[in-house]
Amino acid sequence: MKDKEMQRLMNDQLDGLATPAESERLRRELASDEGARKEYRSLGAVFDVLNRAEIEEPPPDLKQNVMRAIHHRVEMMPVRKGWRELIGAAFRKRPAFGYAYSFAAGAALAVLAFALLTGNSIMGSGIESGPFSGTMLPSLGVGQLRRIDSREFTLRDGRVLAEMLSGGDRFVARITARAPEGTEVVVSYDPGSWSVAGLRQHPATANDVMLGFGRISVRIQQIGESQYLLYLARRGPAGSPLRIAIHSPNGHVQGELETRVPRPGS
Amino acid sequence: MVEHEEDGLLERCLEGDGGAFGQLVDRYQRVLFNVSLRMVGNREDARDITQTVFLKAYENLGKFDRRHRFFSWVYRIMINETLNHLNRARRTEPLDETMAAEQCGPDEDCARHRLHDSVQSALMELSPDYRQVIILRHFAQLSYQEMSSVLEVPEKTVKSRLHTARQLLGGIFSKSGIALS
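Residues numbered from 1 in each chain as written. Chains lettered and ligands numbered in written order. Predicted model: local features only at pLDDT ≥ 70, side-chain atom pairs only at ≥ 80, totals over all residues. Heavy atoms only, no water.

## Digging into the side chain of B:Arg131
Within the secondary structure, B:Arg131 sits in helix α6 (residues 128–139). If sequence neighbours within four positions are ignored, B:Arg131 has contacts with B:Arg38, B:Met39, B:Leu86, B:Leu123, B:Met124 and B:Leu126. (Helix = DSSP H or I, 4+ residues; strand = E, 2+ residues; numbered from the N terminus. Contact = heavy atoms within 4.5 Å.)

Structure follows, in structure tokens:
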């Protein structure tokens, strides 16, 4: 019997797919060929080990996370490339989504009008909003957000500073990156604890920014410093950290940002 | 779940019934999570990938060709997602987060963890092409025909890849001291 045919028979037998006639044929071949017997035993042992390996249960919140994200589909849209078209397409497919979006847009306008009238602009969170460069840490005014944690990642050709800022119930992750082209900065968070309320970029760059489920990633396409402010809204109990991972062409680094506001004096 | 029930769920999803999609998530999350976990070797990444796959499936349901099987389509998305993830990871140093069984409880648990980790380490030594055929056959229990459809290669290629992958695994198991009966 040809090797290929023998291999097929062995695999089909172990996979439980061989017909009775094929099983008998294999039995006869194995009885007369020691090399084939050895190979069959070895293959059978692989099946045995794989069969003993257990199937893992998925994380209990996986489904909940998926369903929550479906209900917040707008958050899933790419920030830079054609998000208007994607939203437009979503409206065409799901008119109800369009009504919901219109309602949300109306509500946002109302909030904005209220903020302007009262002087409490939502985005005026105390973080400098104009373009800046040349410094990794722009100064913050008195009584504004304060830094509760930071991590600096040094790369071969750059660095990334990740900071967690907080003031009252406002939380902002600030990522300042000067990194080689192709570097990807990923901020991930527990979507049960946080949701993204807004994102700002300084200055406007050609970098790819993707808001995903429980994560935001920035792929550096343009040389120079860029800064991202990720406005977070708390959904669950305090203290769930943000995870920062940087994949650069020269390596990988990662770390966590604490989000728990330290008690005064601690 | 029989096929026409799945068709009904898809129909309801397309009409905007999120609950129907929830039932599809129930149906496939375990197997998709395990495929992803065995492909990338990291629970957290596997969770992210599985969630992304479901969301992509939901977003693109309108493009799904109903003449094909839903699971083949979702598996295809899963395979693409995991391969993209592995390609990104290849350019970087390995994460120091592979599944570890440092903390074992009873002996039985320890042995199970050790086997789990050894199998995972061995799988990670295979190239993605060989790894995915092993995973789809042994962990997702797909038939040759289903694998052929998911991987978009002829059944003959599936069989030949599987055989080679199993031989390679046997060598890795022996080398790493996994007890072969």
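## Regarding helix α3 (residues 43–59) of chain B
All names here are of chain B. When the terminal C-alpha atoms of α3 are compared, their 24 Å separation across 17 residues agrees well with the 24 Å that a helix rising 1.5 Å per residue should span. With 12 of its 17 residues buried, α3 lies for the most part within the structure. Those residues of α3 not exposed but buried are Asp45, Ala46, Arg47, Asp48, Ile49, Thr50, Gln51, Val53, Phe54, Leu55, Ala57 and Tyr58. The N-capping residue of α3, defined by a side-chain oxygen 2.9 Å from the backbone nitrogen of Glu44, is Asn42. (Expected span 1.5 Å × (residues − 1). Buried < 20%, exposed > 50% of the residue type's maximum accessible area, 1.4 Å probe, protein only. Polar contact = N/O pair within 3.5 Å; in protein donor to acceptor, adjacent residues only side chain to side chain.)

## Here we look at the environment of B:Val40
Residues and elements named next belong to chain B. Tracing the backbone through its elements, the reader meets Val40 in helix α2 (residues 18–40). Val40 sits in the buried class, given a relative accessible area of 8%. Put simply, Val40 and Met124 are 84 residues apart on the chain and 7.8 Å apart in space, counted from C-alpha to C-alpha. Every residue in contact with Val40, bar those within four places of it in the chain, is listed here: Asp45, Ala46, Ile49, Thr82, His85, Leu86 and Met124.

## Remarks on the packing of aromatic side chains
Residues and elements named next belong to chain B. Going through the model one piece at a time under the given rule, you end up with eight aromatic pairs over all chains. Between the aromatic rings of Phe21 and Tyr58, the centroid separation amounts to 4.9 Å while the plane-to-plane angle is 70°, which identifies the pairing as edge-to-face. Of this pair, Phe21 sits in helix α2 while Tyr58 is found in helix α3, placing the two residues 37 residues apart along the sequence. A relative accessible area of 0% places Phe21 in the buried class. Every member of this aromatic cluster is reached through a ring pair, and the members are Tyr28, Phe64, Phe70 and Trp73. (Phe/Tyr/Trp six-rings, centres within 6.5 Å; stacked < 30°, edge-to-face > 60°.)

## Topic: helix α2 (residues 20–32) of chain A
All names here are of chain A. In this model α2 runs 19 Å from its N-terminal to its C-terminal C-alpha over 13 residues, within 8% of the 18 Å that 1.5 Å per residue would give. By the burial criterion, the buried members of α2 are Glu22, Leu26 and Leu30. The arc that holds the buried residues of α2, viewed along the axis, is 70°, so those residues lie on one side. Of the exposed residues in α2, those oriented more than 90 degrees away from the buried face are Pro20, Ala21, Ala31 and Ser32. In this structure, the buried residues of α2 make contact with α1 (3–15) and α3 (34–52). (Arc of directions from axis to C-beta.)

## Notes on the pairing of strand β3 (residues 170–178) of chain A
Residues and elements named next belong to chain A. Of all nine residues making up β3, seven are buried, and the element is well covered by its neighbours. Pairing analysis gives nine bridges linking strand β2 (residues 158–167) to β3, with the strands arranged antiparallel. Across the sheet, residue Met164 finds its bridge partner in β3, namely Ala173. Bridge count for β3 against strand β8 (residues 226–234) is seven bridges, and the pairing is antiparallel. Looking across to β8, one finds that Phe171 is bridged to Leu232. (Pairing = 2+ DSSP bridges.)

## So, the packing of α1(A) against α3(A)
Residue and element names in this part refer to chain A. Closest axis-to-axis distance for the α1/α3 pair is 10 Å, and the angle between their directions is 35°. Classified by chirality, the crossing of α3 by α1 is right-handed. Contact with α1, carried on its side by Met6, Gln7, Met10, Asn11, Gln13, Leu14 and Asp15, involves Ala36, Glu39, Tyr40, Leu43, Gly44 and Phe47 of α3 and no other residues of that element. Here the contact of α1 with α3 is built from residues that sort into seven nonpolar, four polar and two charged. (Axes fitted to C-alpha atoms, helices over the stretch in contact; angles between N-to-C directions. Left-handed = near helix turned anticlockwise from the far one by under 90°. Nonpolar A, V, L, I, M, F, W, Y, C, P; charged D, E, K, R; others polar.)

## Considerations on the confidence of the model for chain B
Residues and elements named next belong to chain B. Of the residues in chain B, 85% have a pLDDT of 70 or more, and the chain-wide mean is 84. Within the model, the stretch residues 93–102 combines pLDDT values under 50 with 19 contacts to residues more than four positions away or in other chains. Scored as a complex, the prediction yields pTM 0.55 and ipTM 0.82. (pLDDT = per-residue confidence, 0-100.)

## Thoughts on the environment of A:Val66
Residues and elements named next belong to chain A. Secondary-structure assignment places Val66 in helix α4 (residues 62–71). Residue classification places Val66 among the buried residues on the basis of a relative accessible area of 0%. For the pair Val66 and Pro191, spaced 125 residues apart in sequence, the C-alpha to C-alpha distance is 9.9 Å.

## Considering the pairing of strand β9 (residues 242–248) of chain A
All names here are of chain A. Within β9, seven of the seven residues are buried, which leaves it mostly tucked inside the rest of the structure. Side chains Leu242, Ile244, Ile246 and Ser248 project from β9 onto one buried face, and the interleaved Arg243, Ala245 and His247 project onto a second face that is buried too. Sheet analysis places strand β4 (residues 184–188) next to β9, joined by five bridges and oriented antiparallel. Across the sheet, residue Val187 finds its bridge partner in β9, namely Ile244. In terms of strand pairing, β9 meets strand β10 (residues 251–257) through seven bridges, oriented antiparallel. Looking at β10, one finds that Ala245 is bridged to Gln254. Joining the antiparallel neighbours β9 and β10 is a turn of two residues.

## Brief notes about the nonpolar core
Counting 66 residues, the largest nonpolar core has A:Val66, B:Phe21, B:Leu32, B:Phe70, B:Tyr75, B:Leu136 and B:Leu169 as its most contacted members. Here the element with the most residues in this core is α2(B); it accounts for 12 residues. Every residue in contact with B:Tyr75, bar those within four places of it in the chain, is listed here: B:Val31, B:Leu32, B:Val35, B:Leu136, B:Ala140, B:Leu142 and B:Val150. Core analysis: the second largest hydrophobic core is formed by 27 residues, A:Ile148, A:Met164, A:Trp194 and A:Val209 among them. (Core = buried A, V, L, I, M, F, W, Y, C linked by side-chain atoms within 4.5 Å.)

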